[in-house]
Number of protein chains: 2
Amino acid sequence: MRPPKVLEEDVLESLTKVFREKGYEGASLSDLAEATNLKKASLYHRFPKGKQAMAEAVLQNVNKWVQENIFSVLQNEILTPEERLKNALSQISVLYSAGEETCIFRALSMRVGLELFEEQINSGMQLWIINFKEIGIELNFEEDEALDLALQTLIEIQGALVVSRTMRDKNIFSQTLQKIETRYLHRFL
Amino acid sequence: MRPPKVLEEDVLESLTKVFREKGYEGASLSDLAEATNLKKASLYHRFPKGKQAMAEAVLQNVNKWVQENIFSVLQNEILTPEERLKNALSQISVLYSAGEETCIFRALSMRVGLELFEEQINSGMQLWIINFKEIGIELNFEEDEALDLALQTLIEIQGALVVSRTMRDKNIFSQTLQKIETRYLHRFL
DNA sequence: GTCTATAGCTAGATAGAC
DNA sequence: GTCTATCTAGCTATAGAC
């Protein structure tokens, strides 16, 4: 067992970057090899099932990051619900580099990607809804209000990422996060 | 001058469908030829500059449709501002097939597409902002409120398209359009 | 204007040396 | 575990007959 030239986690990070920027079909194995600093054959050694397995590993790794850095923060009973929400929103800003990077779900949700990764994308989105609904309930919203608010939160995050990218204005993203916080904490807008 | 086998407008419609579903890099010339019912060489006869020119023509054609069916409706002084807004929102639902089809800007806004079509995408988005700001002003919002509202409208439309697609629930899109209408007409939410 | 045929290249994937 | 070299299939694009 020879030691790896590049750590598994660094490989995943590089793969994630390429899939986010170029999408599933736009990301070529040459792109992926170059980004990871490995040759194509070495990438295949790590992922014998090929490109699809690389994208699946990326999705799994992002989901894990989100669970550890966002959902678990929302559920952390040591903090007040207000603090949890604020911390989670600031981690969301980290996840998307303040609006500069796209959502991996979106990047992989063109026709081919959606067919290949439907389950992971779908269940990943459901978790966002569940966790944001729960924090809404803890902030004293009614159950159906909390569900609407969670859905609205996802819509605004995704929309702000698209609009701030296509209009090349990342303030749009940070303003949207601020608006979400205000709505949860002050019940208006 | 031999008569064309397929009308120019039908070719554009088919090309649009493929680029929306698969994105720029995911759309192969084989896909495009099959969808238009033309052979690859015939497509090159119509678009001598190749695939990039096809996507540019698609963008131009969509922008024209939006101008004629959405922006001009918003500006139609024969109708009240309320009627104009309602009509425009219902045309938006047509544009996206009630949430089943994606936005062409989004489909072409991965790295490569955004580099190639930045100008058209950027100016297209600006027009949405301008037109929705104007209808807000006509509905008696202050100028800066109207701008915020226009931006929020774009964000929600784009976000609802992403979320309703990734969660496979197109009600999300129609509910969002309803919410936008309510906010413009009744000044809450 | 449309087609068949094909050029030249890059894609994803594999074999086998080290 | 990583590499060079290579396979086949698909890609964008073009030539030239009809």
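Sequence positions are assigned chain by chain, starting from 1 and proceeding in written order. Chains and ligands are labelled sequentially in the order written, the chains with letters from A and the ligands with numbers from 1. Owing to the predicted nature of the model, reporting of local features is limited to residues with pLDDT of at least 70; listing and counting of side-chain atom pairs is limited to 80 or more, with chain, interface and lining totals taken over all residues. Only hydrogens and water are set aside; all other atoms, that is, all heavy atoms of the structure, feed into the side-chain values.

For chain A, the name recorded in an unreviewed UniProt entry is TetR family transcriptional regulator, with Roseivirga spongicola as its organism.

Attention shifts here to the pattern of salt bridges. Just to be clear on terms, a salt bridge is a Lys or Arg side-chain nitrogen sitting within 4 Å of an Asp or Glu carboxyl oxygen. By the definition in use, this model includes 18 salt bridges over all chains. A salt bridge links A:Arg20 to A:Glu101, with the shortest nitrogen-to-oxygen separation between them at 3.0 Å. One end of the pair, A:Arg20, is in helix 1 (residues 8-26); the other, A:Glu101, is in the loop between helix 5 (81-95) and helix 6 (104-107), with 81 residues separating them in the sequence. Look at the salt bridges and you will find they share partners, linking A:Glu21, B:Arg111 and B:Glu115 into a network. We count a stretch as a helix when DSSP gives it H or I for four or more residues in a row; a strand needs E for two or more, and each element gets its number in order from the N terminus.

UniProt positions are given in the numbering used here, feature names are shortened, and annotations may be inferred rather than shown by experiment. Using the residue numbers shown here, the UniProt feature "domain: HTH tetR-type" (unreviewed entry) corresponds to residues 5-65 of chain A. In residues 5-65 of chain A, the share of helix is 80% and the share of strand is 0%. The end C-alpha atoms are 24 Å apart.

On to the interface of chain B and chain A. Listed per partner, the contact involves 37 residues of chain B and 37 residues of chain A. Both sides together, the interface formed by chain B and chain A hides about 3,400 Å², and carbon and sulfur atoms give 63% of it. The three residues of chain B that bury the most area against chain A are B:Met110, B:Thr166 and B:Met167, which together make up 18% of that side's buried surface. Counting the contacts that link chain B with chain A gives four salt bridges. Between B:Arg111 and A:Glu21 there is a salt bridge; the shortest N-O distance is 2.8 Å. The term polar contact refers here to a pair of N or O atoms within 3.5 Å; inside protein, the definition further demands a hydrogen-donor-capable atom paired with an acceptor-capable atom, and it admits residues adjacent in sequence only when both atoms are side-chain atoms. Where chain B meets chain A, there are 12 residue pairs in polar contact (both at pLDDT 80 or more). Counting residues per element, the ones that place at least two in the side of chain B that touches chain A are helix 1 (8-26), helix 6 (104-107), helix 7 (111-138), helix 8 (143-166) and helix 9 (171-186) of chain B. If one sorts the elements of the side of chain B that touches chain A by residue count, helix 8 of chain B sits on top with 12 residues. Residue polarity follows a fixed list, in which Ala, Val, Leu, Ile, Met, Phe, Trp, Tyr, Cys and Pro are nonpolar, Asp, Glu, Lys and Arg are charged, and the others, Gly among them, are polar. Considering only residue class, the side of chain B that touches chain A consists of 15 nonpolar, 11 polar and 11 charged. The contact rule is simple, with two residues in contact once any of their heavy atoms fall within 4.5 Å. By buried area we mean how much accessible surface two parts lose on assembly, using a 1.4 Å probe and totalling the loss over both.

Residue and element names in this part refer to chain A. Angular values range over 0 to 180 degrees, each being the angle between N-to-C directions of two axes fitted as lines to C-alpha atoms, with helices fitted over their stretch in contact. Taken N-terminus to C-terminus, the directions of helix 4 (residues 51-74) and helix 7 (residues 111-138) make an angle of 5°; their axes are 11 Å apart at the nearest point. Regarding the angle of helix 4 to helix 7, the classification is roughly parallel. Where helix 4 abuts helix 7, its residues Gln52, Ala55, Glu56, Leu59, Gln60, Asn63, Val66, Ile70, Phe71 and Leu74 lie against Leu116, Phe117, Gln120, Leu127, Trp128, Asn131, Phe132 and Ile135. Roughly parallel refers to an angle under 35 degrees, roughly antiparallel to one over 145, roughly perpendicular to one between 65 and 115, and oblique to any angle outside these ranges.

With that settled, consider the packing of aromatic side chains. Pairing of aromatic rings covers Phe, Tyr and Trp, the last counted by its six-membered ring, and requires centre-to-centre distances within 6.5 Å; plane angles under 30 degrees mean stacked, over 60 mean edge-to-face, and any other angle means tilted. Counted under the stated rule, the structure contains 14 aromatic pairs over all chains. Judged by centre distance (5.5 Å) and plane angle (80°), the ring pair of A:Phe71 and A:Trp128 falls under edge-to-face. In this pair, A:Phe71 is assigned in helix 4 and A:Trp128 in helix 7, connecting sequence segments 57 residues apart. For the exposure calls, accessible area comes from a 1.4 Å probe over protein chains only, and a residue counts as buried if that area is under 20% of its type's maximum, exposed if over 50%, partly exposed in between. When its relative accessible area of 3% is taken as the criterion, A:Phe71 is described as buried. Plain terms: the ring middles of B:Tyr24 and B:Phe117 are 5.3 Å apart, the flat faces sit at 75° to each other, and that makes the pair edge-to-face. One end of the pair, B:Tyr24, is in helix 1; the other, B:Phe117, is in helix 7, and 93 residues separate them in sequence. Side by side, B:Tyr24 and B:Phe117 carry an identical accessibility label, which is buried.

Turning our attention to the UniProt feature "DNA-binding region" (unreviewed entry) in chain A. Following the UniProt record, the feature "DNA-binding region" (unreviewed entry) maps to residues 28-47 of chain A here. Overall, residues 28-47 of chain A shows 75% helix and 0% strand. The separation of its end C-alpha atoms is 15 Å.

Turning to the side chain of B:Arg183, a few remarks are in order. Mapped onto the elements of the fold, B:Arg183 is located in helix 9. Within polar-contact distance, the side chain of B:Arg183 engages the side chain of B:Glu156 at 2.7 Å.

Only heavy atoms are used to decide nearness, and a residue is near a molecule or strand if one of them lies within 4 Å of it. Around DNA strand C there are 20 residues in total, and A:Leu29, A:Tyr44, B:Arg2, B:Lys5 and B:His45 lie nearest to it. In the environment of DNA strand C, a phosphate oxygen lies 3.2 Å from a nitrogen or oxygen atom belonging to the backbone of A:Ala27. A distance of 2.4 Å separates a phosphate oxygen of DNA strand C from a polar atom in the side chain of A:Tyr44. Taken together, the elements giving at least two residues each to the surface near DNA strand C come down to helix 2 (29-36) and helix 3 (40-46) of chain A together with helix 3 (40-46) of chain B.

The full set close to DNA strand D counts 20 residues, and A:Arg2, A:Lys5, A:His45, B:Leu29 and B:Tyr44 are the nearest of them. With respect to DNA strand D, the side chain of B:Lys51 contributes an N or O atom lying 3.0 Å from a phosphate oxygen. Of all the secondary-structure elements, those providing two or more residues to the surface near DNA strand D are helix 3 of chain A together with helix 2 (29-36) and helix 3 of chain B. Take the surface near DNA strand D: its biggest share by element is four residues, from helix 3 of chain A. Among the residues forming the surface near DNA strand D, the class breakdown is nine nonpolar, five polar and six charged.

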